[in-house]
Amino acid sequence: KQWYQRRVRGKVETWDGTPILGVKIHVDGIDKDITVRHPEGYYWRPLVPGVYNITATKTGYFPLTFRNIVVTERASTVANFILISRNQVRRARRKQRRS
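Residues numbered from 1 in each chain as written. Predicted model: local features only at pLDDT ≥ 70, side-chain atom pairs only at ≥ 80, totals over all residues. Heavy atoms only, no water.

*Asks:* Explain a positive patch on the surface to me, please; I cannot follow it from the model alone.
*Replies:* A cluster of like positive charges, contributed by Arg86, Arg90, Arg91, Arg93, Arg94, Arg97 and Arg98, occupies part of the molecular surface. Tracing the backbone shows Arg98 in helix H1 (residues 86–98). Judged by relative accessible area, which is 69%, Arg98 ranks as exposed. (Patch = residues over 30% accessible without salt bridge, like charges linked within 9 Å, V, L, I, M, F, W, Y side chains within 5 Å. Areas by Shrake-Rupley, 256 points an atom, 1.4 Å probe, with all protein chains shown as cover. Salt bridge = Lys/Arg side-chain N within 4 Å of Asp/Glu carboxyl O. Lys, Arg positive; Asp, Glu negative; His and termini not counted. Charge placed at Lys NZ, Arg CZ, Asp CG, Glu CD. Helix = DSSP H or I, 4+ residues; strand = E, 2+ residues; numbered from the N terminus. Buried < 20%, exposed > 50% of the residue type's maximum accessible area, 1.4 Å probe, protein only.)

*Asks:* Can you help me understand the environment of Glu13 in this one?
*Replies:* Examined against the element boundaries, Glu13 turns out to sit in strand S1 (residues 7–13). Placed 84 residues apart in sequence, Glu13 and Arg97 show a C-alpha to C-alpha distance of 28 Å. If we ignore the near neighbours within four places in the chain, the residues touching Glu13 are Thr18, Pro19, Ile20, Phe81, Ile82 and Leu83. (Contact = heavy atoms within 4.5 Å.)

*Asks:* What is the right way to look at the pattern of salt bridges in this model?
*Replies:* Side chains that differ in sign of charge can pair as their charged atoms come close. According to the stated counting rule, one finds two salt bridges in the structure shown. Note that Glu73 is salt-bridged to Arg6, the shortest N-O span being 3.5 Å. Taken as a pair, Glu73 in the loop between strand S6 (64–71) and strand S7 (77–78) and Arg6 in the segment before S1 lie far apart in primary sequence, 67 residues in all. The partner of Glu13 in a salt bridge is Lys11, and the shortest N-O contact between them spans 3.8 Å.

*Asks:* Is there a simple way to think about the packing of aromatic side chains in this case?
*Replies:* In this description, an aromatic ring pair is defined by two values, namely the gap between the centres and the angle between the planes. By the definition in use, this model includes two aromatic pairs. Summarising the aromatic geometry, the rings of Tyr43 and Phe81 are spaced 6.2 Å apart at their centres and angled 50° between planes, so their arrangement reads as tilted. Here Phe81 lies in strand S8 (residues 81–82) and Tyr43 lies in strand S4 (residues 42–46), a separation of 38 residues in the sequence. Accessibility assignment for this pair places Tyr43 and Phe81 in one class, buried. Following the ring pairs from residue to residue traces out a cluster consisting of Tyr43, Phe66 and Phe81. Lying over the aromatic face of Phe62, Arg86 brings its terminal NZ or CZ to 4.3 Å of the ring centre. (Phe/Tyr/Trp six-rings, centres within 6.5 Å; stacked < 30°, edge-to-face > 60°. Lys NZ or Arg CZ within 6 Å of the ring centre and 35° of its normal.)

*Asks:* Which parts of the structure should I look at to understand the side chain of Ser85?
*Replies:* By secondary structure assignment, the location of Ser85 is in the loop between S8 and H1. A polar contact is formed between the side chain of Ser85 and the backbone nitrogen of Asn87, at a distance of 3.1 Å. Setting aside anything within four residues of it in sequence, one finds Ser85 in contact with Gly60, Tyr61 and Phe62. (Polar contact = N/O pair within 3.5 Å; in protein donor to acceptor, adjacent residues only side chain to side chain.)

Here it is in structure tokens:
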């Protein structure tokens, strides 16, 4: 099998589709995190076949975890993250209080 088939890949963006750079992608059970550096928010992580919990984190955003992500020999697994800004939530709450 090709190495690129045994991986998780995806994109990290905001709710409106803006790519987010500098997001840490953590896979439970793996000591080294990766950082999203692609200008369009793409990431990829080679993994041996198995079941994983994968978390995306960045300061200023709420973390998001996908649980029980299955990586197989046959195809790469896609896990796209949409992160919500903590500032976006604060602004929405302030606006709601004024209404």
